[in-house]
Amino acid sequence: MDPKWFLVKTKPRNENKVFTRLIEAGFESLFPRIRKKSRRKELPDVRPLFPSYLFVRFALEQLRTIRYTRGVAKVISFGPEPQEVGEDIIAAVRERMDGEGIVALVRPPANWKRGDRIRIGEGPFAGLEAIFLEELPDRDRVVLLLEAVSSFRITIDKEQIER
């Protein structure tokens, strides 16, 4: 059994529960979070950096256990096998996390137009090029078209973009 890192999609707002369940079951997991201003409270809320996603380290033989953990929607796959997340990506995420799992982000200016080529500077997609599609209503996140293995849309916080 050679454990590797994979991306696990949780059911909406189940990240904390799934993270706790997987840690208690003995799986190494990463759950990066950010502090975000709350409109109702003075103190910032702690929210997932990647809503509905966790990084989990497990051997392929344990895939069934992960898939059937309560709160897990699926393990991200391209084809029949789960897509492995590189150690370099995990190291980049860990490097930006403090002891509580909080990631500090810097807010860049947002003057992108649809079709602009963007370089992602933070998070698991750091270093990759993407195409800007739209800014989301909360004005803190954007939708990008990522052309890695195949083209797919991702939603990330603006703070993760370099240019």
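Residues numbered from 1 in each chain as written. Predicted model: local features only at pLDDT ≥ 70, side-chain atom pairs only at ≥ 80, totals over all residues. Heavy atoms only, no water.

K.L.:
Sorry if this is basic, but what is going on with the side chain of threonine 69 here?
P.N.:
Here threonine 69 shows up in the loop between α2 (63–67) and β6 (72–75). A relative accessible area of 14% means that threonine 69 is categorised as buried. At a separation of 2.8 Å, a polar atom in the side chain of threonine 69 contacts the main-chain carbonyl oxygen of threonine 65. Once residues within four sequence positions are removed from consideration, threonine 69 is found in contact with Arg21 and Leu22. (Helix = DSSP H or I, 4+ residues; strand = E, 2+ residues; numbered from the N terminus. Buried < 20%, exposed > 50% of the residue type's maximum accessible area, 1.4 Å probe, protein only. Polar contact = N/O pair within 3.5 Å; in protein donor to acceptor, adjacent residues only side chain to side chain. Contact = heavy atoms within 4.5 Å.)

K.L.:
Please clarify how the environment of glutamate 162 should be interpreted in this entry.
P.N.:
Relative to the elements of secondary structure, glutamate 162 occurs in the segment after β11 (151–157). Along the primary structure glutamate 162 and alanine 126 are separated by 36 residues, whereas in three dimensions their C-alpha atoms are 9.0 Å apart. If we skip the residues at most four places from it in the chain, glutamate 162 touches Arg119, Ile120 and Gly121.

K.L.:
Please clarify how helix α1 (residues 15–24) should be interpreted in this entry.
P.N.:
Each turn of an α-helix holds 3.6 residues, which means side chains three or four residues apart point in the same direction. Within α1, burial applies to Glu15, Val18 and Leu22. Burial along α1 is one-sided: seen end-on, the buried residues are contained in an arc of 70°. Along its buried surface, α1 packs onto β1 (4–10), β2 (28–30), β4 (45–48), β5 (53–58), α2 and β6. Where α1 terminates, the next one or two residues include glycine 26, which has phi positive at roughly 95°. (Arc of directions from axis to C-beta.)

K.L.:
I keep staring at the side chain of arginine 33 and nothing clicks. Help me out?
P.N.:
Positionally, arginine 33 belongs in strand β3 (residues 33–36). For arginine 33, the side chain forms a polar contact with the main-chain oxygen of phenylalanine 31, separated by 3.0 Å. Within the structure, arginine 33 has its side chain in polar contact with the backbone oxygen of glutamate 100 (distance 2.6 Å). Discounting chain neighbours no more than four positions away, the residues touching arginine 33 are Val46, Arg47, Pro48, Leu49, Glu100, Gly101, Ile102 and Val103.

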